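Inside the fold
One-letter residues, chain by chain:
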Amino acid sequence: EVQLVESGGGLVQAGGSLRLSCAASGFTFDDYSIGWFRQAPGKEREGVSCISSTDGSTYYADSVKGRFSISSNNANNTVYLQMNTLKPEDTAVYYCGHGFCVVGGGIISTYGIDAWGKGTLVTVSS
């Protein structure tokens, strides 16, 4: 089965940086896209970024564009999310998802995701 394990979350002050990792297994890594999503208490899960399995194209939600960067290391089947200039509104549980990048209207949708990790908590203090 698909297994995704996130790591790298923690407490950081506004303006700081964190690097999240998503270690993937149980599927052919090159055949599927991996996306990063986040969910704050009482809010819907929202797409943050996605990296395409076909050509490596990357996509970002408007709220993180210019601050976050997604990358993939095919040697160890790991996808990273480098988060810079963090803001309190970035506070959430961050999940990686397996599937396909479904992008449109400035939104990265959860629709293309068929498996999730358990998440890692990112807390940004003001």
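See the structure shown above.
What this report covers is the structure whose coordinates are included nearby. Worth saying up front: this structure is predicted, and the values here are computed from it rather than measured. (Residues numbered from 1 in each chain as written. Predicted model: local features only at pLDDT ≥ 70, side-chain atom pairs only at ≥ 80, totals over all residues. Heavy atoms only, no water.)

1. Some words on the pattern of salt bridges
- This model, assessed by the stated rule, comprises four salt bridges.
- Arg67 is paired through a salt bridge with Asp90; the nearest N and O atoms lie 2.8 Å apart. Of this pair, Arg67 sits in the loop between strand S6 (58-60) and strand S7 (68-73) while Asp90 sits in the loop between strand S8 (78-83) and strand S9 (92-99), and the two are 23 residues apart along the sequence. As far as burial versus exposure is concerned, Arg67 and Asp90 are alike and both buried.
- One connected set of salt bridges, linked through shared partners, spans Arg38, Glu46, Arg67 and Asp90. (Salt bridge = Lys/Arg side-chain N within 4 Å of Asp/Glu carboxyl O. Helix = DSSP H or I, 4+ residues; strand = E, 2+ residues; numbered from the N terminus. Buried < 20%, exposed > 50% of the residue type's maximum accessible area, 1.4 Å probe, protein only.)

2. Quick word on the layout of surface pockets
- Within this model, the largest pocket holds a volume of roughly 150 Å³.
- Looking at the largest pocket, the residues that line it are Arg38, Gln39, Ala40, Lys43, Glu44, Glu46, Pro88, Glu89, Thr91 and Ala92.
- Its residues placed into classes, the lining of the largest pocket shows three nonpolar, two polar and five charged. (1 Å grid on protein atoms, 1.4 Å probe; cavity = no way out; pocket = protein on both sides within 12 Å on 5 of 7 lines; lining within 4 Å. Points joined across faces, edges and corners; volume = space filled by probe spheres on them. Nonpolar A, V, L, I, M, F, W, Y, C, P; charged D, E, K, R; others polar.)

3. With respect to a nonpolar patch on the surface
- Together, Phe100, Val102 and Tyr111 make up a nonpolar patch on the protein surface, roughly 350 Å² of accessible area in all.
- Following the sequence through the fold, Val102 ends up in the loop between S9 and strand S10 (103-104).
- Residue classification places Val102 among the partly exposed positions, given a relative accessible area of 31%. (Patch = residues over 30% accessible without salt bridge, like charges linked within 9 Å, V, L, I, M, F, W, Y side chains within 5 Å. Areas by Shrake-Rupley, 256 points an atom, 1.4 Å probe, with all protein chains shown as cover.)

4. Description of the nonpolar core
- In terms of nonpolar packing, the biggest core is built from 27 residues, with Ile34, Trp36, Phe68, Val79, Leu81, Met83 and Tyr94 touching the most fellow members.
- Listed by contribution, the elements that provide at least two residues to this core are strand S3 (18-25), strand S4 (33-39), strand S5 (46-51), S7, S8, S9 and strand S13 (120-125).
- Among the elements that make up this core, the one with the highest residue count is S3 (four residues).
- Beyond its immediate chain neighbours, meaning those up to four positions away, Tyr94 contacts Glu6, Leu20, Trp36, Phe37, Arg38, Val48, Phe68, Leu81, Met83, Gly119, Thr120 and Val122. (Core = buried A, V, L, I, M, F, W, Y, C linked by side-chain atoms within 4.5 Å. Contact = heavy atoms within 4.5 Å.)

5. Details of the side chain of Arg67
- Arg67 gets classed as buried once you look at its relative accessible area, which sits at 10%.
- Only 2.9 Å separates the side chain of Arg67 from the backbone oxygen of Ser63, close enough to count as a polar contact. (Polar contact = N/O pair within 3.5 Å; in protein donor to acceptor, adjacent residues only side chain to side chain.)

6. Points about the packing of aromatic side chains
- In total, this model carries five aromatic pairs according to the counting rule given.
- Look at Tyr95 and Trp116: their rings are 6.4 Å apart centre to centre, the planes differ by 80°, and that puts the pair in the edge-to-face class. In this pair, Tyr95 sits in strand S9 while Trp116 sits in strand S12 (residues 113-116), placing the two residues 21 residues apart along the sequence.
- With relative accessibility at 13%, the residue Tyr95 sits in the buried group.
- Here a set of aromatic residues connected by ring pairs shows up, and it is made of Phe27, Phe29, Tyr32 and Phe100.
- Looking at Arg19, its charged tip hangs above the ring of Tyr80, at a distance of 4.1 Å from the centre.
- Above the face of the Tyr95 ring, Arg45 is positioned so that its terminal group lies 3.7 Å from the ring centre. (Phe/Tyr/Trp six-rings, centres within 6.5 Å; stacked < 30°, edge-to-face > 60°. Lys NZ or Arg CZ within 6 Å of the ring centre and 35° of its normal.)

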